[in-house]
Amino acid sequence: MTAGPTPPAAAPAPLSLSAIRAAQRAWAAEPLESRCAHLREIGRRFAARADDVARVVCEETRKHPADAWFADVVPNLDLFTWWTGPGRKPLLPKKLPLSSLAHPGKRAVLHTEPRGVVGLITPWNYPAAIPLRTLVPALLAGNAVLFKPSEVTPRTGALLAEIFSSVLPSGVLTLVQGAREAGEQVVDLSDHVVFTGSVATGRRVGERCASQLKSVSLELGGKDAAIVLRDCDLERTVDGVLWGAVTNSGQNCAAIERVYVEAAIYDRFVGRLLARAEGLQVAPVATEAQDRIVREHLAEAESLGATLHGEYPGGAVILTDVPEGARILVDETFGPVCPVVRVDDGDAALRLANASEFGLTLSIWTRSEARAQELAARARAGVVTINNVALTASMPFAPWSGRGASGHGATNSEWALREMTQPKVVLVDDNRAPEPWWLPADDAAVRLARLSLEWLRASGPARLAATLRVVRGLKARTRQQAGRSGTG
Ligand code: NAD
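Note that this is a predicted model, so its numbers are computed, not measured.

Here is what the cut-offs are and how they apply
Residues numbered from 1 in each chain as written. Predicted model: local features only at pLDDT ≥ 70, side-chain atom pairs only at ≥ 80, totals over all residues. Heavy atoms only, no water. Helix = DSSP H or I, 4+ residues; strand = E, 2+ residues; numbered from the N terminus. Buried < 20%, exposed > 50% of the residue type's maximum accessible area, 1.4 Å probe, protein only. Contact = heavy atoms within 4.5 Å. Phe/Tyr/Trp six-rings, centres within 6.5 Å; stacked < 30°, edge-to-face > 60°. Near = heavy atom within 4 Å. Polar contact = N/O pair within 3.5 Å; in protein donor to acceptor, adjacent residues only side chain to side chain. Areas by Shrake-Rupley, 256 points an atom, 1.4 Å probe, with all protein chains shown as cover. 1 Å grid on protein atoms, 1.4 Å probe; cavity = no way out; pocket = protein on both sides within 12 Å on 5 of 7 lines; lining within 4 Å. Sits in = over half its atoms within 2 Å of the grid points. Nonpolar A, V, L, I, M, F, W, Y, C, P; charged D, E, K, R; others polar. Pairing = 2+ DSSP bridges. Axes fitted to C-alpha atoms, helices over the stretch in contact; angles between N-to-C directions. pLDDT = per-residue confidence, 0-100. Points joined across faces, edges and corners; volume = space filled by probe spheres on them. Domains from an automatic or database assignment. Parallel < 35°, antiparallel > 145°, perpendicular 65-115°, else oblique.

### Observations concerning the overall build of the protein chain
Scanning the protein chain for helices and strands turns up 17 helices and 20 strands. By its C-alpha atoms, the protein chain is 90 × 55 × 40 Å across when sized along the principal axes.

In structure tokens form, the structure reads like this:
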């Protein structure tokens, strides 16, 4: 098997950080509406190049064009529309609610500033969709971006960078090609890092960021479970679970990698699943390394007594009788495999689902929403879908986040935007009197502090009397301070 195209030699060219910082400052100084206009134009150009994007993605990852179109192309149009519309609102200045009694003469506004340079390091499995969901909000917020695509998919990365750079001012987006060394360079040059990839690399990136006191968002692996309850719509559930397991040849962080089925429906579910999977053609996985992992997991499961139905590579493999502890039920496989496990009930299923070190998404298949909501509330996962799977990754307004080894931080939504920005409060004081807690620090100051505490604790009719005492106390304090300083 040949892996994707040979990556360029991993010797990143020296980057001019000062030029990038200058470009970032100019970009951030543009009005928000101007940055939105740039991004809308990029969205139009991305749509115009949709065929090229889908073709290059397929060439580099070997995925089926349907997977490329539905995951890497179509949902991204909505991404541009949402971020430049309702999604931009958290970036607008916000007046803070200062009380005129507690803070007389003052007003304050919360501004949102970009972090500066955002380092974006991405994997190969969705080489257009994953970069886009960070590129758009990072740029919208006024950051410059250092974008390092996976070394397996350099041409998809280059195509995205070309589309963006055809609209953006020079230096706002910088493409960094290469593997580990290039990724480390991106970490070292960035103010904030958004990393999507494996747990092992994520740990290294997290450690490197920590040693440089840099914030980082880590979107890592998964071992997502599906819970199938006895009252599910059997046909649709089988279709959904099978798709969730084999879409993108299983190379999806939110792929269904474990299916827990209530005993009452287990035999019927497995029967239908085997019938639907029979003869299914599945595209090869993207790299030799990935192929090795899939083969190892299948071989180990078989050696432990599991029954394998179906062919790998080329088709989907359904596994039954897999003993607990087998790697295929524990470690991320990232291949077109679907182990199905019989459980007593939904609670037993949830216990097993939650027992994983990972915690990315969980799907629950049932006609009883109440029961599903009750399980969802106890699920250790950042996303729970009831009667669907992996759907929200393409929704720019739905935060995508993991628990445990699946990482921390969020992509998509205001939660992601907050990570790529910093708050700045600007307060203006029109009050001419000195603050009561300013000098002198004496017994009169302590008396006023006590009155203030009484006022804060008072409620009902006592509140009015306490207010009057505080107002009188404040006046006296102002007179006292004016007398001491000899002004007023
Ligand atoms: P990977 O960890 O091998 O590589 C990811 C990126 O990190 C690549 O660009 C790589 O060049 C770069 N890199 C490698 N070493 C580095 C270092 N020391 N410092 C900085 N960067 C470095 O992952 P992969 O094989 O490309 O992707 C598959 C993994 O990604 C799977 O585990 C999958 O679950 C995960 N993933 C997670 C999500 C999510 O949202 N949680 C989404 C997609 C994929």
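### Concerning the side chain of Ser249
Counting through the fold element by element, Ser249 comes out in the loop between α9 (234-246) and β9 (256-262). Ser249 gets classed as buried once you look at its relative accessible area, which sits at 3%. Setting aside its immediate chain neighbours within four residues, Ser249 contacts Asp67, Val282, Ala283, Pro284, Val285, Phe334, Gly335 and Pro336.

### Regarding the packing of aromatic side chains
Going through the model one piece at a time under the given rule, you end up with 5 aromatic pairs. Their ring planes at 75 degrees and their centres at 4.8 Å tell us that Trp82 and Trp83 sit as a pair that is edge-to-face. With respect to burial, Trp82 and Trp83 carry one shared label: buried. What links up through ring pairs into an aromatic cluster is the set Phe46, Phe80 and Phe164.

### Observations concerning the site of the ligand
In the vicinity of the ligand, 30 residues are found, and the nearest of them are Thr122, Glu151, Ser198, Leu220 and Glu332. Between the ligand and Arg133, the relevant distance is 3.1 Å, taken from an oxygen atom to a side-chain nitrogen or oxygen of the residue. Protein chains bury 92% of the 850 Å² of accessible surface belonging to the ligand in isolation. According to the grid-proximity analysis, the pocket containing the ligand is the largest pocket. Taken together, the residues that form the shell around the ligand break down as 13 nonpolar, 9 polar and 8 charged.

### Topic: the sheet that holds strand β18 (residues 407-408)
Two pairing modes exist for strands in a sheet, parallel and antiparallel, and in both the strands are linked by backbone hydrogen bonds. Reading across from one edge, β5-β4-β3-β6-β7-β18 is the order of the 6 strands in this open sheet, with mixed pairing throughout. Across the chains shown, the open sheet's two edge strands, defined by having one partner strand only, are β5 (173-175) and β18. Relative to strand β4 (residues 144-148), strand β3 (residues 117-121) runs parallel, the two being bridged by 5 bridges. When the bridges of β4 are listed, Gly119 appears paired with Leu146. Along the sheet, helix α1 (residues 17-29) makes contact with β3, β4 and β5, crossing β4 at roughly 130 degrees. In the packing of helix α6 (residues 154-165) onto the sheet, the strands contacted are β4 and β5, and the crossing angle to β5 comes to about 155 degrees.

### Observations regarding the confidence of the model for the protein chain
Here the protein chain averages 95 in pLDDT, and 96% of its residues register 70 or above. Per-element averaging of pLDDT across the protein chain places helix α17 (residues 461-485) at the bottom with 91 and strand β8 (residues 224-228) at the top with 99. This stretch, residues 1-12, has a pLDDT under 50; its non-local contacts, to residues over four places away or in other chains, come to 25 contacts.

### A word on the sheet that holds β9
Read from one edge of the open sheet, 7 strands run β10-β11-β12-β9-β8-β14-β15, paired in mixed fashion. Here the strands that pair on one side only, and so sit at the sheet edges, are β10 (307-309) and β15 (383-386). Each strand of the sheet is rotated relative to its neighbour by a mean of 20 degrees, with strand direction disregarded. The strands touched by helix α10 (residues 263-277) within the sheet are β8, β9, β10, β11 (317-320) and β12 (337-343), with β12 carrying the most contacts at an inclination of about 165 degrees.

### Section: the pairing of β11
Burial of β11 is two-sided: the residues Val317 and Leu319 facing one way and the residues Ile318 and Thr320 facing the other way are all buried. Sheet analysis places β10 next to β11, joined by 3 bridges and oriented antiparallel. Looking at the pairing, Leu308 lines up with Leu319 of β11. The pairing of β11 with β12 spans 3 bridges and is classified as parallel. Looking at the pairing, Leu319 lines up with Pro339 of β12.

### Section: the layout of surface pockets
Here the idea is plain: a probe the size of a water molecule rolls over the atoms and shows the empty space left. When its volume is computed, the largest pocket comes out at roughly 1100 Å³. Forming the boundary of the largest pocket are 42 residues, of which Trp124, Phe195, Gly197, Ser198 and Thr201 lie nearest the centre. For the lining of the largest pocket, the secondary structure elements donating two or more residues are α7 (180-189), β6 (192-196), α8 (199-211) and α11 (288-303). In terms of residue count, the dominant contributor to the lining of the largest pocket is α8 (6 residues). Looking at the lining of the largest pocket residue by residue, the classes come out as 18 nonpolar, 12 polar and 12 charged. Lining the lining of the largest pocket are residues from two domains, each supplying at least three of them: domain 1 (17-220 + 413-424) and domain 2 (224-396). Approximately 930 Å³ is the volume attributed to the second largest pocket. Take the lining of the second largest pocket: its biggest share by element is 8 residues, from helix α4 (residues 65-83). Here the lining of the second largest pocket is composed, by residue class, of 24 nonpolar, 10 polar and 4 charged. Looking at the lining of the second largest pocket, you find at least three residues from each of domain 1 (17-220 + 413-424) and domain 2 (224-396).

### A closer look at the packing of helix α2 (residues 32-48) against helix α5 (residues 129-140)
α5 packs onto α2 with a crossing angle of 155 degrees between their chain directions and a minimal axis gap of 9 Å. Taken together, the axes of α2 and α5 lie roughly antiparallel to each other. Residues Leu32, Arg35, Cys36, Leu39 and Phe46 of α2 form the contact with α5, whose own contacting residues are Leu132, Val136, Leu139 and Leu140. Taken together, the residues that form the contact of α2 with α5 break down as 8 nonpolar, no polar and 1 charged.

### Section: the domain arrangement of the protein chain
Taken domain by domain, the protein chain consists of domain 1 (17-220 + 413-424), domain 2 (224-396) and domain 3 (434-485). Centre-to-centre separation of domain 1 and domain 3, based on C-alpha positions: 49 Å.

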